[in-house]
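Descriptive structure summary
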Amino acid sequence: MSKEREEAESAAVSAPLGPFDSRWIASVLPHRYPILLVDRVLELVPGKRVVAIKNVTRNEPFFDGHFPGNPIMPGVLVIEAMAQTAGLLLLHEIEDRDERILFFSGIERARFRRPVVPGDQLRMEVESLRLRTVHSRFRGRATVDGELAVEAVCTSTMVAP
């Protein structure tokens, strides 16, 4: 096979898919309000990476207590939003995903760089570091207006209930 053809096929395989709306997200993830933290997928490269957004509004229930008069999205929920984004990458191609549970099993190197507040649009970029049937590992970055808010390396485990 010629080098040009190999490059063309490689580019076709890694070409991003998307965008995907909230109905598609609900068909892949088991999460629902108030814990569903992904509004839209902008890009999905199967087995490699996914980009999604969460529109952060004052109506989020956690803002009532975190913190009154100075609402800030809890950092752990930003990491959960990245984990759900990774779940879309991991689960979208699995046919029997309704018969499995994907658990968030570890966080490494988490760094919180800026607060996420009502009115922000959180952009989660997740790349696969290891994609396996049972144990997977991913790197996530959450940004607001191009500024890094949270980053972490996380692991997940998929099991049959």
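Relevant structure appears above.
Each value, and the rule that gives it
Residues numbered from 1 in each chain as written. Predicted model: local features only at pLDDT ≥ 70, side-chain atom pairs only at ≥ 80, totals over all residues. Heavy atoms only, no water. Helix = DSSP H or I, 4+ residues; strand = E, 2+ residues; numbered from the N terminus. Buried < 20%, exposed > 50% of the residue type's maximum accessible area, 1.4 Å probe, protein only. Contact = heavy atoms within 4.5 Å. Areas by Shrake-Rupley, 256 points an atom, 1.4 Å probe, with all protein chains shown as cover. Core = buried A, V, L, I, M, F, W, Y, C linked by side-chain atoms within 4.5 Å. Pairing = 2+ DSSP bridges. Axes fitted to C-alpha atoms, helices over the stretch in contact; angles between N-to-C directions. Salt bridge = Lys/Arg side-chain N within 4 Å of Asp/Glu carboxyl O.

**Here's the deal with the overall build of the chain**
Looking only at helices and strands, the chain features three helices and six strands. By the burial criterion, 37% of the 161 residues in the chain qualify as buried. At a minimum sequence separation of 6, the contacts of the chain that also span at least 24 residues come to 63%. Counting every atom, the chain has about 9000 Å² of accessible surface; 51% of that belongs to carbon and sulfur.

**Some details on the nonpolar core**
Considering soluble globular proteins, one finds that nonpolar side chains tend to be buried as a cluster. Val41, Met73, Val116, Leu122 and Met124 are the most contacted members of the largest nonpolar core, which has 37 residues in total. Taken together, the elements giving at least two residues each to this core come down to helix H2 (22-28), strand S1 (40-45), strand S2 (49-55), helix H3 (75-91), strand S4 (121-130), strand S5 (135-144) and strand S6 (147-159). The element best represented in this core is H3, accounting for ten residues. In contact with Met73, other than residues within four places in its own chain, are Val56, Phe62, Phe63, His66, Val78, Val116 and Leu122.

**What about the sheet that holds S6?**
Ordered by their spatial adjacency, six strands build an open sheet running S1-S2-S4-S5-S6-S3, and the pairing between neighbours is antiparallel. A strand with exactly one partner marks an edge of an open sheet, and here the two such strands are S1 and strand S3 (101-112). Neighbour to neighbour, the strand axes of the sheet diverge by 20° on average, direction disregarded. Across the face of the sheet, H3 comes into contact with S1, S2, S3, S4, S5 and S6 while running at roughly 130° to S3.

**Thoughts on the pattern of salt bridges**
Where charged atoms of side chains with opposite charge meet at close range, the side chains can pair. Taken as a whole and judged by the stated rule, the model has twelve salt bridges. With a closest N to O distance of 3.6 Å, Asp64 and Arg58 form a salt bridge. On the accessibility criterion, Asp64 (58% relative accessible area) is exposed. Between Asp120 and Arg114 there is a salt bridge; the shortest N-O distance is 3.3 Å. You can call Arg114 partly exposed: its relative accessible area is 21%. A network of salt bridges, in which partner residues are shared, links Glu43, Arg49, Arg123 and Glu125.

In short, shape yes, function no, at least from these values alone.
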